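# Analysis of the macromolecular model
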Amino acid sequence: MNATAKPDSQPKPSAVSASGASAAPPQGRLDWRQVLKWLLRDGVIDAAQAQRTEQRFAAGDSSLHPLVRLGHAGLVRVSNGKALDVEALTEWLAGMARMPYLRIDPLKVDVGRVGDVMSVGYAEAKRCLPVQFGLSEVTIATSEPFDIDWVNQIASHVRKPIRLVVASPLEIARYTTEFFTLAKSVRQAAKAGEQSQIASFEQLVELGKNNKQLDANDQGVVQVVDWLWQYAFDQRASDIHLEPRREMGVIRFRIDGVLHTVYQLPSTVLAAMTSRIKLLGRMDVVEKRRPLDGRIKTRNPAGDEVEMRLSTLPTAFGEKMVMRIFDPDTAVKDLASLGFGQHDSDRWEALVRQAHGIILVTGPTGSGKTTTLYSTLKRLATDEVNVCTVEDPIEMIEPAFNQTQVQNALDFGFAEGLRALMRQDPDIIMVGEIRDLETAEMAIQAALTGHLVFSTLHTNDSVSAITRLQDLGVPTYLISATVIGVLAQRLVRTLCPHCKQPDDAMTRERLNETVRHWRLGGGVKAYKPVGCLECRNTGFRGRAGLYELLTVTESVKGAMGDLAGLRRQAMQEGLRPLRLAGAMKVAEGVTTLDEVLRSTPAWEG
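These numbers come from a predicted model, not from an experiment.

## Points about helix H16 (residues 463-472)
The set of residues buried in H16 consists of Val463, Ser464, Ala465, Ile466, Leu469 and Leu472. Gly473, located one to two residues past H16, shows a positive phi value of around 110 degrees.

What follows is the structure, encoded as structure tokens:
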């Protein structure tokens, strides 16, 4: 049965005059002259702007969409003086046409189904693009809200009602090209091989099917991989996940610490993409039975070099790959950009200027430890200083450092790497992680012989790092003689600046209840998340660091035998716990209390 658009679900477009009386619904394509008259009629622009624009455009016509042409004409809204760019004009047009306005979010579009609704030629001719595919209807974005004679035809084709929304002509043109090109590349790649010979725990065998494996250099596969990276850079992703499943492969991006499903594609194509990336990362393409590591350097759309760390893992349905994307600006960020407050920033700078000793950075995986270390070492690595690192793996290639990769297969671990670095005349040493007593002893030996040593530990807070070293078997007197500071950190999502609203329920008294023993001074400018187009309706955009810095003074050294006493003494020496640092960010309107409570441990002092 053919279905058509529901009359009540899609209001008919109509023009509304400034006085509120309805005019006859316009028909056909938009014309810049008519749009200019509507803007003048509705009081959006004044007569002078309309006359000036008409004289400017009277010389000739243009193939540009009317909203794009007028958006570049320098028009401003009479009521508030704000510029009428393409987005503002599109939003105004949607209101005039009595249709919803949509800012297209490519992460929420099932790109693989776009071609099932219409062809690329049809989409370009009608200036429309399918964006949502529900069980009961299909949503199509258009930049021509009065030229919709095609709706019933598409409704009959998909056998579902059509819901129209108005979107920017620039976005529709851009994503029409991107979505249909990607879908075409995936189809080409899928045709190259019916069933991949991947190492699957649960292999499905279908008689009569061709078991040809996709070529990693197939043009369709190359195009999909190129799109994947550019898309990830554009969406500010920190990680790309390629996950094989029983029926379909899944691509997911981690953005601001949260995973988003981006695309589903045939398992054969996903396996070929993984092989392509392994090939570019100089990894063993044939080996699928054990985890592998690699790295790739490429460029983002802005032309900046971007490094990606690759990691594969055998799973039940094939080889899973994760690509960690490193921000090219990481090594040049200052402490304020990382989220340090003035109190901890001054103490940290004083600490890293010491001639020798051990400085530890603690926190769980993904808490920003590498970013803090690299940005700090970058500032310390002058021509007069020899900075050496031993890492597993090397996170980012930095020309100012001498970086060494741990090779466990060759019995070259952190301890062996440290032992070798001691003969390389270093001034500053960075050890990727202290995992065992041998590595800890080598780090202590380096500090005792006059070197500044940086390393990481996995502990809940800064004070726990001392007990962690004791648990490894390091004598307390050696810890007090070498460790000069411990920095614990977390990352919290920051509120979207475009949509956050004041949180009147958040008071200084309520914040003080969450951080026992401390009292926040000053005013509270707390905000709450709302959600908008800029933040994908999450209410958050970006992340900031929370820091807890323990400086090991003589008084702290004297309290190392008692954990509770150590916490109390550290507090007297100026330590601000992670939860207090978070509460201060809440009071400044940077994040929310729920984010802080979720990310930070309770202070037990």
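Alright, that's what it looks like, and here's the rest.
## Quick look at the UniProt feature "domain: Bacterial type II secretion system protein E" (unreviewed entry) in the protein chain
The UniProt entry lists residues 422-436 under the feature "domain: Bacterial type II secretion system protein E" (unreviewed entry), expressed in the numbering used here. Across residues 422-436, the secondary structure splits into 0% helix and 27% strand, with the terminal C-alpha atoms separated by 18 Å.

## Some details on the pairing of strand S14 (residues 452-457)
Burial analysis of S14 places six of its six residues in the buried class, which makes it a mostly covered element. Where burial is concerned, the two faces of S14 agree: the one with Leu452, Phe454 and Thr456 and the one with Val453, Ser455 and Leu457 are both buried. Two elements, strand S10 (residues 357-362) and S14, share six bridges in a ladder whose sense is parallel. When the bridges of S14 are listed, Thr362 appears paired with Leu457. Across four bridges, the pairing between strand S13 (residues 428-431) and S14 is parallel. Bridge pairing in S14 places Ile429 opposite Val453. After leaving S13, the chain enters helix H15 (residues 437-448) and then returns to the sheet as S14, a path that is right-handed.

## Some words on the nonpolar core
Among the nonpolar cores identified, the biggest contains 90 residues, and Ile104, Ile140, Ile240, Ile251 and Phe253 are the most heavily contacted of them. Residues within four places of Ile240 in sequence aside, it is in contact with Leu228, Trp229, Ala232, Ile251, Arg252, Phe253, Met321, Val322, Met323 and Ile325. Counting residues in each nonpolar core, the second largest holds 51 residues, with Leu457, Met506, Ala526 and Val556 among its members.

## Points about the packing of H16 against helix H20 (residues 563-572)
At their nearest, the axes of H16 and H20 sit 9 Å apart, and the two run at 145 degrees to each other. Where H16 crosses over H20, the handedness of that crossing is right-handed. Two secondary-structure elements touch here, H16 through Val463, Ser464, Ile466 and Thr467 and H20 through Leu563, Leu566, Arg567 and Ala570. In the contact of H16 with H20, the residues fall into five nonpolar, two polar and one charged.

## A look at the packing of aromatic side chains
Evaluation of the coordinates by the stated rule reveals nine aromatic pairs. Ring geometry for Tyr231 against Phe253: centres 5.7 Å apart, planes inclined by 65 degrees, an arrangement best described as edge-to-face. Of this pair, Tyr231 sits in helix H9 (residues 219-234) while Phe253 sits in strand S5 (residues 248-255), and the two are 22 residues apart along the sequence. The class for Phe253 is buried, based on a relative accessible area of 0%.

## Here's the deal with the pattern of salt bridges
Summed over the entire model, instances satisfying the criterion amount to 30 salt bridges. The partner of Glu595 in a salt bridge is Arg493, and the shortest N-O contact between them spans 3.0 Å. A residue pair is termed long-range when its members are at least 10 positions apart, and Glu595 in helix H22 (residues 593-599) and Arg493 in strand S15 (residues 483-495) qualify at 102 residues. Bridged by salt links that share partners, the residues Arg295, Lys297, Arg299, Glu305 and Glu307 form one connected network.

## A closer look at the environment of Ile479
The topology assignment puts Ile479 in helix H17 (residues 476-482). A sequence separation of twelve residues divides Ile479 from Thr467, and the C-alpha atoms of the two residues are 9.9 Å apart. If we ignore the near neighbours within four places in the chain, the residues touching Ile479 are Ile466, Leu469, Gln470, Val474 and Met560.

## Let's talk about the sheet that holds S10
The seven strands lie next to each other as S12-S11-S13-S14-S10-S15-S18, forming an open sheet whose pairing is mixed. Two strands close off the open sheet at either side, each with one partner strand: strand S12 (402-405) and strand S18 (540-551). Taking the axes of each pair of neighbouring strands and ignoring which way they run, one obtains an average angle of 20 degrees across the sheet. The sheet contacts of helix H14 (residues 414-421) involve strand S11 (387-391), S12 and S13, and relative to S11 the element is tilted by about 160 degrees. The strands touched by helix H21 (residues 578-587) are S15 and S18; relative to S18, the strand with the most contacts, the crossing angle is about 140 degrees.

## Regarding helix H7 (residues 151-158)
Side chains three or four residues apart in an α-helix point the same way, a direct result of the helix having 3.6 residues per turn. Those residues of H7 lying buried are Val151, Ile154, Ala155 and Val158. Burial along H7 is one-sided: seen end-on, the buried residues are contained in an arc of 105 degrees. Exposed and facing more than 90 degrees away from the buried side of H7 are Gln153 and His157. Those residues of H7 hidden inside the fold are in contact with helix H5 (114-117), helix H6 (120-126), strand S2 (138-142) and strand S3 (162-166). Positive phi appears at Arg159, one or two residues downstream of H7, with a value of about 60 degrees.

Calculation criteria
Residues numbered from 1 in each chain as written. Predicted model: local features only at pLDDT ≥ 70, side-chain atom pairs only at ≥ 80, totals over all residues. Heavy atoms only, no water. Buried < 20%, exposed > 50% of the residue type's maximum accessible area, 1.4 Å probe, protein only. Helix = DSSP H or I, 4+ residues; strand = E, 2+ residues; numbered from the N terminus. UniProt positions renumbered as here; feature names shortened; annotations may be inferred. Pairing = 2+ DSSP bridges. Right-handed = clockwise from strand over helix to strand, strands pointing away. Core = buried A, V, L, I, M, F, W, Y, C linked by side-chain atoms within 4.5 Å. Contact = heavy atoms within 4.5 Å. Axes fitted to C-alpha atoms, helices over the stretch in contact; angles between N-to-C directions. Left-handed = near helix turned anticlockwise from the far one by under 90°. Nonpolar A, V, L, I, M, F, W, Y, C, P; charged D, E, K, R; others polar. Phe/Tyr/Trp six-rings, centres within 6.5 Å; stacked < 30°, edge-to-face > 60°. Salt bridge = Lys/Arg side-chain N within 4 Å of Asp/Glu carboxyl O. Arc of directions from axis to C-beta.

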